[in-house]
Protein chains: 4
Amino acid sequence: MYQAALIGVTGYTGMELARILATHPAISLKYATSRQESGKYIEELYPFLRSYPIGQIQITDFDAFTITKECDIIFLAVPHGTAMNTVGEIFHIAHTLNKNIKVIDLSADFRIKNPQTFETWYQIKHNQTDLLKNAVYGLFDIYEEQIKKASLIANPGCYPTASILGLYPALSNHLIQKDIIIDAKSGTTGAGRKAQVSSLFCEVYDNFRPYSIGGKHRHTPEIEQELSNLSQEEIFVSFNPHLLPIERGILNTIYAPLAKNITVEEIHTIYNETYKNKKFIRVLPLGQLPETRNVRGSLFCDIGIAVDTRTNKLIITSAIDNLARGASMQAIANANLCLGLNLDTNINYAPVCP
Amino acid sequence: MYQAALIGVTGYTGMELARILATHPAISLKYATSRQESGKYIEELYPFLRSYPIGQIQITDFDAFTITKECDIIFLAVPHGTAMNTVGEIFHIAHTLNKNIKVIDLSADFRIKNPQTFETWYQIKHNQTDLLKNAVYGLFDIYEEQIKKASLIANPGCYPTASILGLYPALSNHLIQKDIIIDAKSGTTGAGRKAQVSSLFCEVYDNFRPYSIGGKHRHTPEIEQELSNLSQEEIFVSFNPHLLPIERGILNTIYAPLAKNITVEEIHTIYNETYKNKKFIRVLPLGQLPETRNVRGSLFCDIGIAVDTRTNKLIITSAIDNLARGASMQAIANANLCLGLNLDTNINYAPVCP
Amino acid sequence: MYQAALIGVTGYTGMELARILATHPAISLKYATSRQESGKYIEELYPFLRSYPIGQIQITDFDAFTITKECDIIFLAVPHGTAMNTVGEIFHIAHTLNKNIKVIDLSADFRIKNPQTFETWYQIKHNQTDLLKNAVYGLFDIYEEQIKKASLIANPGCYPTASILGLYPALSNHLIQKDIIIDAKSGTTGAGRKAQVSSLFCEVYDNFRPYSIGGKHRHTPEIEQELSNLSQEEIFVSFNPHLLPIERGILNTIYAPLAKNITVEEIHTIYNETYKNKKFIRVLPLGQLPETRNVRGSLFCDIGIAVDTRTNKLIITSAIDNLARGASMQAIANANLCLGLNLDTNINYAPVCP
Amino acid sequence: MYQAALIGVTGYTGMELARILATHPAISLKYATSRQESGKYIEELYPFLRSYPIGQIQITDFDAFTITKECDIIFLAVPHGTAMNTVGEIFHIAHTLNKNIKVIDLSADFRIKNPQTFETWYQIKHNQTDLLKNAVYGLFDIYEEQIKKASLIANPGCYPTASILGLYPALSNHLIQKDIIIDAKSGTTGAGRKAQVSSLFCEVYDNFRPYSIGGKHRHTPEIEQELSNLSQEEIFVSFNPHLLPIERGILNTIYAPLAKNITVEEIHTIYNETYKNKKFIRVLPLGQLPETRNVRGSLFCDIGIAVDTRTNKLIITSAIDNLARGASMQAIANANLCLGLNLDTNINYAPVCP
């Protein structure tokens, strides 16, 4: 059994990590930390985990030395900015201990390769640029080999996961022009577990609203970086998110002008070819479209292809569970890979539908 | 009191018409018809209307002669195709009786001016082309004067209402290029009250899904007709709808490339100017965006303006209550106008929030 | 126009009061106060009220002297404990100004007639016992005449409203034994608009949970006081609330052993008789049961009657909108009455269904 | 691998059985039947199962001979009445083939031991009374040994599962008097997947309603039979269900007068003792109460204990996932046991929260 620590257990990504680790056959949670809930048992915080051994773990403050010394893998579910410093501290201790440690950072701190771009969008100066260079972007469908060898994995953002997987075949095969619009919709776990009026039940239920419209959302540079890398061109996107009154799920509707004379059947074939060996990507038959419930609680990314021939646009719809595939289950997939386990260890769940 | 008939009381639009008419001070419902529920009292079908006089109306079969003879205004909440024939029958009888009657048709049958376009999209031949010529498109913010004089009003579709009002200032002022994308999201009352598995609670709740992606939705030609009329150019749109797990509400996110060098502040001023005397259109301050709850149960259309300067796009967000503004409350507004009443008689409700 | 002040505009009851006052023809909101939102306009806080004159009211700090001097009626939507002091201050100023003022207190501070009972349940010593003596319990279906003459009205709690109206005919006609169980379920507006994790969307949605089980909820003594008064016996109830994942609505299922040999039809007749002139109470036909949607956004209390003959129990189901009938709309009804207006002025809305 | 058939794949219980069997390591689905969907592949009906081998199973009509011959275990997810005949047919064929077969019937047909009681409540004459005698009631926490040896298992109803497990320790230890009230609330999957207006999203969402109040629900005799058996007394209950606007989950609030002078701590100890070796029953610490989300997608039954000392009542709250523990996952547990597998094979999922 690999020993693991979970730094920041109180948010929804921490909660989902705990849930998956509760039954993991090869990774054992040893430490769970939280400044505000220190002293409580996990089962007090999360009664749904009562009767699992993980429920009996007592939440502690973060003790970098002990955790780095005793664990093989550390999951960070803390805010950006904080993550950067914690990762620096962990690797510094690991170095002094001459210890090989794996870190999966669920924050944005090691996703953006260009520190200046990071600073522009996050308004924080990056202070771990050496570690940043070696961090691997944890989109395992594409970077599986790099992830296997990585020590520090920048777990992708939820919107970027659905966006990049939706666009990759079209861009890498030059099917579309660069005028890309992503109309994104996310469930409310994406807004975090912080007590704030705008996330209250009665502010979200029976409501739908856009936010950060017009290129203001911080996932924009992450999407652009990866799409530019994968297509070898500089890509800009108009990324526009909305808040759905559901718990889990992202659905992106992506629009781009076709770059050439090509049928929807040909495009569909290219998508199928590109992803034919990717267990957790499902390119739907033509005429079918993804739904968030079809991927709920799972690692799947479902992709639907359509062409609007009247306006010559490729319309890609992609769906994931923002909390599972978009965060914690993807983190476990990355952990599995970098620890030498099978990719799907303990995360090959059938979607929970209904 | 004007006497009214409601043809087709069992769907959600019929239900909402009954709800509003229950308290209308100048229009009295005399007949409510339904083939399947004939014989029942309205309060049996809709217990929420118990104790209102309207609850004691007994639902009957449709008797064209009696209804045309005894009523001043007829609301049709029946499927397209059926509406056409019923409207034809009503006006034929009214003609023989030498009677002036008002008809508000909530179906699509009299919205599309070109019978060939109608046939292409609805797969039905139009058999009332004379009436079609005289029908007025019931978007009262724009066609108020024509509505006042009309006998037959084609009540606008829900998506078109939100789309046209969102785009009108931009198109009529030539602010945007014609490459328009409408990413539309609707509450489930829009799917109707028919018993079908895909509309069951457990198929819709905690789910989000696109449908009719790629220019397949029948509201497309209605939107294009009106936008073309208003801008004096031939307009095509890529219209793509999605189903929201809420009861009431449409939110459209509309994308178009800017046609000229113009700031978001200037665009906002143009929107404010265009709609300054329109009581039921609210152009939100810059930085604010519409939410479906803010218009729930009301006649308002809320509009938000943003510019994505990185990709040079105008992004318009518009929200309505699909059942109220998008159907039945708009029908009452049209009824008020064509009967010579004040536009807002009995429909000046504050939105129901939360 | 009567001039009104709303003390505590930021909670859901304040929000609903603002919504109703936005269109009230005889009461004009002059002051809205909030410590935390002072300086903002109501339409900034509540964008759904944009374009109504009320939206342009600037929220202020509470200035007891000015408000008491300039207003005819004051609504208090502040926490218990705070309300008591504010009411004391207002009446003290009114007295010095020799001014007749009406106060509708939506808190619990003036509901419990026995100060000792109040202290036991609320853990606060009552410091306005003189005012308490003159306060009228604002259940207008029963206390209409007293309300008309009152200066200080204790607006009933949401659960008590549905409980008392459900039990009154049975108790006053001695139909049941005193072993009463109230299994109550409330929508989440009942939990208030405070930022707390337990009220977050993702903690409430797709969930159902009991709370304060076993006689711990503070509405217990309020229910018992009123039932004891109305039946002239000392009544104890087992009151057990649950949290529903809906916004508005309370449904109580009330169980009591029958006290005599009586049929359900006879009981139903007694209920009908008792409430025959009560416009906002609807005793449903036998075989029908209340639903929260049938009263949503309205002042109605719907009551269903059943008898479990196998276990000899009367089962009463009663439904209200906890925010409307259970708080703010009931407050407006009380305001209407004590100002000499018609009971239903501006609150005769048909329920918003769906 | 054991070969299995699923008779009636189109309902929610069939859907959930397919979901669990998709990843079962020791039971392989060979046949899935449905009259209306015959010819389709499972992945067409349930796109969430795409990419699992089970998705490629083609749905067929029910062929009793082939299925009985080729399968080791048969799950019946068909309506009561139909199930009886199908079970009869299967065992008749098995007998002629001299074959040992296991049948898990999810309908009510073999739950009620007394054919007369069955006929009274279900209005159907039981025509398989010999099989009925040998059927085992599949509540594995209590009847594990009998289930292991059974050929025909009557899978318990959802409400009875939560009711019986909640009451068993109290009744078998004579803690309560027999005046039992069960106020039950269920998610909407319990209403089935049939296309009917009353189950439409817009009829259920943002609503809460009682139904079958007053001893009319067919789960009443099932609860009474088991409670009578377990307590060795004749027990009657007042069972009253309500419909929750959630997908999965039952929460029962159960009231009974205390039979003796006993503290809540003592009762809690008895509950803990009774269930100490029951893996899938979690007696919550005093002060904690169950929530449907804490058991969502799992086999757990969570139980909370409280005493209302003011009215001398024991109040038991019990929660299950009606579709998982209340139907299909319980069916798999029973299948595991009667096939000689470990009880928790493939159903030891952590609850899906949030």
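Above: the structure in question.
The text that follows walks through the structure, step by step, so that each part is easy to find.

Description of the side chain of Glu247 of chain C
Assignment of secondary structure puts Glu247 of chain C in the loop between strand 9 (237-243) and strand 10 (250-257). Among residues more than four places away in sequence, those in contact with Glu247 of chain C are Phe201, Cys202, Tyr205 and Asp206 of chain A, Arg296 and Pro354 of chain B, Gly187, Thr188, Thr189 and Asn322 of chain C together with Asp206 of chain D.

Looking at helix 10 (residues 219-231) of chain D
Working note: α-helix, 3.6 residues per turn, so residues spaced by three or four point in the same direction. Residue and element names in this part refer to chain D. Taking 1.5 Å of rise per residue, the 13 residues of helix 10 would be expected to cover 18 Å, and the 18 Å separating its terminal C-alpha atoms lies within 8% of that figure. Counting buried residues along helix 10, twelve of its 13 residues qualify, which places the element largely inside the surrounding structure. Of all the residues in helix 10, the buried ones are His219, Thr220, Pro221, Glu222, Ile223, Glu224, Gln225, Glu226, Leu227, Ser228, Leu230 and Ser231. Looking at the buried side of helix 10, the elements it contacts are helix 5 (115-122), strand 5 (136-137), helix 7 (140-149), helix 8 (158-172), strand 7 (180-186) and strand 9 (237-243). Within two residues after helix 10, Gln232 carries a phi angle of roughly 60°, on the positive side.

Let's talk about the packing of helix 8 (residues 158-172) of chain A against helix 11 (residues 264-274) of chain A
Residues and elements named next belong to chain A. It is at 10 Å that the axes of helix 8 and helix 11 come closest, and there the two elements cross at 115°. In terms of orientation, helix 8 lies roughly perpendicular with respect to helix 11. Crossing of helix 8 over helix 11 shows right-handed handedness. Across the interface between the two elements, Gly166, Leu167, Tyr168, Pro169 and Ala170 of helix 8 pack against Ile270, Tyr271 and Thr274 of helix 11. Split by residue class, the contact of helix 8 with helix 11 holds six nonpolar, two polar and no charged.

Points about the relation of the copies chain C and chain D
Rotating chain C by 180° and translating it 0.0 Å along the rotation axis places it on chain D, where the RMSD comes to 0.0 Å. Both chain copies can therefore be described as sitting about a two-fold axis.

Description of the sheet that holds strand 13 (residues 313-320) of chain B
Residue and element names in this part refer to chain B. Taken together, seven strands build an open sheet; the order of strands is 8-9-7-10-13-12-11 and the sheet is mixed. Two strands in the sheet have a free side with no partner beyond their single neighbour: strand 8 (209-210) and strand 11 (281-283). Here strand 7 (residues 180-186) pairs with strand 9 (residues 237-243) via seven bridges, running parallel. Opposite Ser186, over in strand 9, you have Leu243 as the bridge partner.

Concerning the relation of the copies chain C and chain A
The operation relating the pair of chain copies consists of a rotation about an axis and a translation along that axis. Here chain C sits on chain A after a turn of 180° about the axis and a move of 0.0 Å along it, with an RMSD of 0.0 Å. When the interface residues of chain C are mapped onto chain A, 100% of them again lie at the interface, so the same face is used by both copies.

Things to note about the packing of helix 1 (residues 12-21) of chain A against helix 12 (residues 324-338) of chain A
All names here are of chain A. Closest axis-to-axis distance for the helix 1/helix 12 pair is 9 Å, and the angle between their directions is 45°. The angle between helix 1 and helix 12 falls in the class oblique. At the point where helix 1 passes helix 12, the crossing takes the right-handed sense. When helix 1 is examined against helix 12, the residues Thr13, Glu16, Leu17, Arg19, Ile20 and Leu21 are found in contact with a partner set consisting of Ala324, Ala327, Ser328, Met329, Ala331 and Ile332.

Quick notes on the pattern of salt bridges
By the definition in use, this model includes 96 salt bridges over all chains. Of the charged contacts in the structure, one is a salt bridge between Lys185 of chain C and Asp183 of chain D, with a shortest N-O distance of 3.1 Å. Of this pair, Lys185 of chain C sits in strand 7 (residues 180-186) while Asp183 of chain D sits in strand 7, each in a different chain. The pair Lys185 of chain C / Asp183 of chain D is uniform in exposure class, with both members buried. Across the pair Glu273 of chain D and Lys276 of chain D runs a salt bridge whose closest N-O atoms are separated by 3.1 Å. A single salt-bridge network, built from bridges that share partners, covers Glu16, Arg19, Arg248 and Asp321 of chain A.

Focus on the packing of aromatic side chains
The final tally for this structure, using the stated rule, is 46 aromatic pairs over all chains. Between Tyr46 of chain A and Phe48 of chain A the ring centres are 5.9 Å apart and the planes differ by 45°, which places this aromatic pair in the tilted class. Of the two residues, Tyr46 of chain A and Phe48 of chain A, both sit in the buried class. A connected cluster of aromatic rings, assembled from ring pairs, spans Phe201 and Tyr205 of chain A, Phe201 and Tyr205 of chain B, Phe201 and Tyr205 of chain C together with Phe201 and Tyr205 of chain D. In this structure, Arg282 of chain A packs its charged tip against the face of Phe300 of chain A, placed 3.8 Å from the ring centre.

Structural notes on the interface of chain C and chain D
With 50 residues of chain C at the contact, the number on the chain D side is 50 residues. Summing both partners gives a buried area of about 3900 Å² for chain C against chain D, and 56% of it is carried by carbon and sulfur. Among the residues of chain C in contact with chain D, Asp206, Phe208 and Arg310 of chain C are the three that bury the most area, contributing 17% of the side total. The interface formed by chain C and chain D includes ten salt bridges. Inspection of the region where chain C meets chain D yields 28 residue pairs in polar contact (both at pLDDT 80 or more). When contributions to the side of chain C that touches chain D are tallied by element, the ones reaching two or more residues are strand 7, helix 9 (201-204), strand 8 (209-210), helix 10 (219-231), strand 9, strand 10, strand 12 (301-308) and strand 13 (313-320) of chain C. The greatest single-element share of the side of chain C that touches chain D, amounting to five residues, is contributed by strand 9 of chain C. Residue composition of the side of chain C that touches chain D, grouped by class: 23 nonpolar, twelve polar and 15 charged.

Criteria and thresholds
- Counting starts from 1 at the beginning of each chain's written sequence and moves along it residue by residue.
- Key to labels: chains lettered from A, ligands numbered from 1, both in the order written.
- Predicted model: local features are reported for residues with pLDDT of at least 70 only, side-chain atom pairs are reported and counted for 80 or more only, and whole-chain, interface and lining totals are derived from all residues.
- Values reported for side chains reflect all heavy atoms of the structure, with hydrogen atoms and water molecules removed beforehand.
- Helix and strand definitions follow DSSP, with helices as H or I runs of at least four residues and strands as E runs of at least two, each counted in order from the N terminus.
- What makes two residues a contact is simply this: any of their non-hydrogen atoms within 4.5 Å.
- Multiply 1.5 Å by the residue count of a helix minus one, and that product is the helix's expected span.
- Throughout, exposure labels follow a simple rule: accessible area from a 1.4 Å probe, protein chains only, divided by the maximum for the residue type, with under 20% read as buried, over 50% as exposed, and the rest as partly exposed.
- Helix axes are fitted to C-alpha atoms over the stretch in contact, other axes to C-alpha atoms as well, and angles between N-to-C directions run from 0 to 180 degrees.
- Orientation categories follow fixed angle ranges, with anything under 35 degrees roughly parallel, anything over 145 roughly antiparallel, 65 to 115 roughly perpendicular, and all other angles oblique.
- Crossings are sorted by hand: turned counterclockwise from the far helix by less than a right angle, the near helix makes the crossing left-handed, and turned clockwise it makes it right-handed.
- Classification used: nonpolar for Ala, Val, Leu, Ile, Met, Phe, Trp, Tyr, Cys and Pro, charged for Asp, Glu, Lys and Arg, polar for all others including Gly.
- To line up the copies, we fit them by least squares on C-alpha atoms, keeping just the residues with pLDDT of at least 70 in both.
- Pairing between strands requires that DSSP locate at least two bridges from one strand to the other.
- Here, a salt bridge means any Lys or Arg side-chain nitrogen found within 4 Å of an Asp or Glu carboxyl oxygen.
- Note on aromatic pairs: the rings of Phe, Tyr and Trp (six-membered ring only in Trp) are paired at centre separations within 6.5 Å, and the planes decide the class, stacked below 30 degrees, edge-to-face beyond 60, tilted for the rest.
- Charge over a ring is defined by NZ of Lys or CZ of Arg lying within 6 Å of the ring centre and within 35 degrees of the ring normal.
- When two parts are put together, the accessible area they lose, computed with a 1.4 Å probe and summed over both, is reported as buried area.
- Whenever two N or O atoms come within 3.5 Å, that pair is a polar contact, provided that in protein one can donate a hydrogen and the other can accept it, and provided that, for residues adjacent in sequence, both atoms are side-chain atoms.

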